Amino acid sequence: MAAARRRFTVEQRRARLAIRHCLATTGGARGTDTTSTPRRTRGSNATNPPSGAHGPGNDTSLAGGARGPAEVAEALVALHATDPATVYLSTAARTGLAPVTDLERALYEDRCLVRMLGMRRTVFVVPTDLAPVVHAACTRSIAAQERRKLIQLFEQAGVPGSGAEPGSWLKEVEEATVQALESLGEATGAELAARVPALREQIVLAEGKKYEATVNITTRVLALLAADGRIVRGRPRGSWISTQYRWSPVAAWLPGGMPDLPADVARVQLARRWLAAYGPGTVADLRWWTGWTATWVKQALAAIDPVEVDLDGGGTGLVLRDDLDPEPEPEPWVALLPALDPTVMGWSQREWFLGEHGPALFDRSGNPGPTVWCDGRIVGGWAQRKDGAIVYRLLEDVGAEARSAIADAAERLRVWHHNVRVTPRFRTPLERELSA
């Protein structure tokens, strides 16, 4: 008789989420200057030290076990960066509210992290040593699609006007742009356009529609060069919430340039990393997270040969063969995670931690807003008002102790923002209501 298939309960999955995503520990009480906050030590009447006991930038190893931004990115595989603020808030939630300068140092001085286009045609911040894997597994095929789209736009717009073939002309513009950037070291799009006049060519988008716009091709050419692994987004022009980046040659982050890995090998590596961080997950979860075709997912999983397990509520999950042991039960915890946080975006099937709260906390396109967590489940949402206050609403009863911890976490997050107002790029019903 065949052995019964292993089952992962919801509680076991939530424990994995808490520990592996640096949101809780299994030891004693931690410091409290973190949006990921222990409530008290189990089996005792101990309470947390005063909220000033571990200030931002001090012993950040106490928050969920993460010592810094690089460790957070490693644990989560990649940090969502479509909205620049998400990277900082996701990191702060897992590092004892470490200051913004810690992430800036990792990105722009140590350069152990890099911002790049990746899974699902989305911008992420990833560990530098993982960048070639993401590039080969996801970005390279996206770049080919984007190149075809851009050439089609040129053909429709009559660019270039001299009658030159658009694809060949685009390659000439790209080469001139890379040469200019290597000469400058780093530059904004406007600075590069001043060096390469062809970048100031204009195209009309959505012609004839009410949102018709005439734009320079600069942004699209730079994005394509980044997707091809030739340049990278560097330090923003403004504050940490700015979306206007300076650009640098890829060698500034990856000496020697972007390695050219075989796509099938890279997909196996990336799928294995996802299973370690997010498993047990379903085939549908992995396909959604990566943006791969069904064939690519099937091929990668065949090479990994994960174990199939039963999931509470029905469905089949996948776990690495050497990763079947459950995580120890974590300490009770709460967290305020930002819009598009990697934990929320780690699975397409989220009922086991989201419950029925989706309509209030997600927009119509499926983008999550800021969420309040308690012991491995989403229990509400939060927002920042114009006066800087962090306000929240609980959508289920969590008990007096958790309510108190959430209130403390919200106040500490208000102080951490230091008068910087963050408005999520994708607004959700509850976030809009709370921030009004």
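This text goes with the structure placed above it.
Cut-offs used in this document
Residues numbered from 1 in each chain as written. Predicted model: local features only at pLDDT ≥ 70, side-chain atom pairs only at ≥ 80, totals over all residues. Heavy atoms only, no water. Phe/Tyr/Trp six-rings, centres within 6.5 Å; stacked < 30°, edge-to-face > 60°. Buried < 20%, exposed > 50% of the residue type's maximum accessible area, 1.4 Å probe, protein only. Lys NZ or Arg CZ within 6 Å of the ring centre and 35° of its normal. Helix = DSSP H or I, 4+ residues; strand = E, 2+ residues; numbered from the N terminus. Contact = heavy atoms within 4.5 Å. Axes fitted to C-alpha atoms, helices over the stretch in contact; angles between N-to-C directions. Left-handed = near helix turned anticlockwise from the far one by under 90°. Nonpolar A, V, L, I, M, F, W, Y, C, P; charged D, E, K, R; others polar.

Draft legend 1. Looking closely at the packing of aromatic side chains. Summed over the entire model, instances satisfying the criterion amount to eleven aromatic pairs. Ring geometry for W347 and W352: centres 4.9 Å apart, planes at 85°, overall edge-to-face. Just as W347 is buried, W352 falls in that class too. Here the aromatic residues W274, Y278, W289, W333, W347, W352, F353 and W373 are joined through ring pairs into a cluster of three or more. Lying over the aromatic face of W253, R111 brings its terminal NZ or CZ to 4.1 Å of the ring centre.

Draft legend 2. Up close: the environment of G257. With respect to the secondary-structure elements, G257 resides in the loop between strand 9 (245-249) and helix 9 (263-278). Looking at G257, the relative accessible area reads 15%, which means it is buried. Remark: the alpha-carbon pair of G257 and R230, spanning 27 residues in sequence, is separated by 7.3 Å. The residues touching G257, leaving out its near neighbours within four places in the chain, are V250 and A251.

Draft legend 3. How the structure looks around the packing of helix 3 (residues 84-92) against helix 4 (residues 100-109). Where helix 3 contacts helix 4, the axes come no closer than 10 Å and their chain directions differ by 115°. For the pair helix 3 and helix 4, the sense of crossing is right-handed. Contacts between helix 3 and helix 4 involve V87, Y88 and T91 from the former and V100, L103, E104, L107 and Y108 from the latter. The class makeup of the residues in the contact of helix 3 with helix 4 is six nonpolar, one polar and one charged.

Draft legend 4. Representation of unusual backbone geometry within the structure. The omega torsion of the bond from V159 to P160 falls at -5°, within 30 degrees of zero and hence cis. Note on placement: P160 falls in the loop between helix 5 (131-157) and helix 6 (166-184). With omega at 0°, the peptide bond leading from G279 into P280 counts as cis. Even without glycine at this site, C22 takes up a positive phi of about 60°. Unlike most non-glycine residues, H418 shows phi in positive territory, near 50°. Of note, H418 is situated in the loop between helix 14 (400-417) and helix 15 (429-435).

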